[in-house]
Amino acid sequence: MTSLKLVIDTNVLISAALSAHGAPARLVRCALAHHRLVFSRATLDELRTRLYRPEFDRYISLENRERVLHDMSAAALWVDVGEPAVYCRDPEDGKFFEAALKAQADYLVSVDKDVLEAPALTGLRIISAQQALKVLAL
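A short tour of the structure in this document, coming up. (Residues numbered from 1 in each chain as written. Predicted model: local features only at pLDDT ≥ 70, side-chain atom pairs only at ≥ 80, totals over all residues. Heavy atoms only, no water.)

### Here we look at the overall build of the chain
Thinking step 1. In terms of regular secondary structure, the chain is built from seven helices and five strands.
Thinking step 2. Element order for the chain, N to C, with α for helix and β for strand: β-α-α-β-α-α-β-α-β-α-β-α.
Thinking step 3. Taking 14 Å as the expected radius of gyration for a compact globule of 138 residues, we find that the chain reaches 14 Å, a close match to that expectation.
Thinking step 4. In terms of principal-axis extent, the alpha carbons of the chain reach across some 40 × 35 × 25 Å.
Thinking step 5. Pairs at least 24 residues apart make up 62% of the contacts formed inside the chain by residues separated by at least 6 positions.
Thinking step 6. When the accessible surface of the chain is split by element, carbon and sulfur atoms take 51% of a total near 7500 Å².
Thinking step 7. Each charge class in the chain was averaged separately, 17 positive and 18 negative side chains, and the resulting centres sit 6 Å apart. (Helix = DSSP H or I, 4+ residues; strand = E, 2+ residues; numbered from the N terminus. Rg over C-alpha atoms; globule rule 2.2 N^0.38 Å. Contact = heavy atoms within 4.5 Å. Areas by Shrake-Rupley, 256 points an atom, 1.4 Å probe, with all protein chains shown as cover. Lys, Arg positive; Asp, Glu negative; His and termini not counted. Charge placed at Lys NZ, Arg CZ, Asp CG, Glu CD.)

### Points about the pattern of salt bridges
Thinking step 1. Overall, the coordinates contain 10 salt bridges when judged by the stated rule.
Thinking step 2. A salt bridge links Glu-46 to Lys-95, with the shortest nitrogen-to-oxygen separation between them at 3.1 Å. Taken as a pair, Glu-46 in helix H3 (residues 41-51) and Lys-95 in helix H5 (residues 94-103) lie far apart in primary sequence, 49 residues in all.
Thinking step 3. Classification of Glu-46 as buried rests on a relative accessible area of 12%.
Thinking step 4. In this structure, Glu-92 engages Lys-95 in a salt bridge whose closest nitrogen and oxygen atoms are separated by 3.6 Å.
Thinking step 5. Overall, Lys-95 belongs to the buried group, its relative accessible area being 10%.
Thinking step 6. Several salt bridges share partner residues, and in doing so they unite Glu-46, Arg-50, Glu-92 and Lys-95 into one network. (Salt bridge = Lys/Arg side-chain N within 4 Å of Asp/Glu carboxyl O. Buried < 20%, exposed > 50% of the residue type's maximum accessible area, 1.4 Å probe, protein only.)

### Brief notes about the packing of aromatic side chains
Thinking step 1. Evaluated as defined, the whole model comprises two aromatic pairs.
Thinking step 2. Here the aromatic rings of Phe-39 and Trp-78 are separated by 6.2 Å at their centres, their planes lie at 40°, and the arrangement is tilted. One end of the pair, Phe-39, is in strand E2 (residues 36-39); the other, Trp-78, is in strand E3 (residues 77-78), and 39 residues separate them in sequence.
Thinking step 3. For Trp-78, a relative accessible area of 32% corresponds to the partly exposed category.
Thinking step 4. Between Tyr-87 and Phe-97, the ring centres sit 5.0 Å apart and the planes meet at 15°, which makes this aromatic pair stacked. Of this pair, Tyr-87 sits in the loop between E3 and H5 while Phe-97 sits in helix H5; the two residues are 10 residues apart in sequence, bridging distant segments of the chain. Side by side, Tyr-87 and Phe-97 carry an identical accessibility label, which is buried.
Thinking step 5. Taking NZ or CZ as reference, Arg-125 lies 4.5 Å from the ring centre of Tyr-107, over its face. (Phe/Tyr/Trp six-rings, centres within 6.5 Å; stacked < 30°, edge-to-face > 60°. Lys NZ or Arg CZ within 6 Å of the ring centre and 35° of its normal.)

Written as structure tokens, this is what we have:
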């Protein structure tokens, strides 16, 4: 399989960080090893902000949070995006669409219903994490 460009939303990335054994973790490991994760400053900032929430303290150490952010940042294909347009019911999700469109990503992977039910956009395939596992043959 050729290398794909993937935008993976924050919910999937946090799930992967919190449990190394679940489907999100398999997806992210495969993406890091064989594909390109796409980030913009806004998408990584959201990951950083959410990952440091106190509710995750009992699941992931500060050291592991830093490692996750470092690994994501180091492996990322970075894109610069401006103020995002509104693509779905939640305007906050626009940053993922913008990053995917700017990078001409193969897939935007999400578990967020607002993202998954967004109107179709030419050149952008939006799939669930479960669909991504099938696409990547995991």
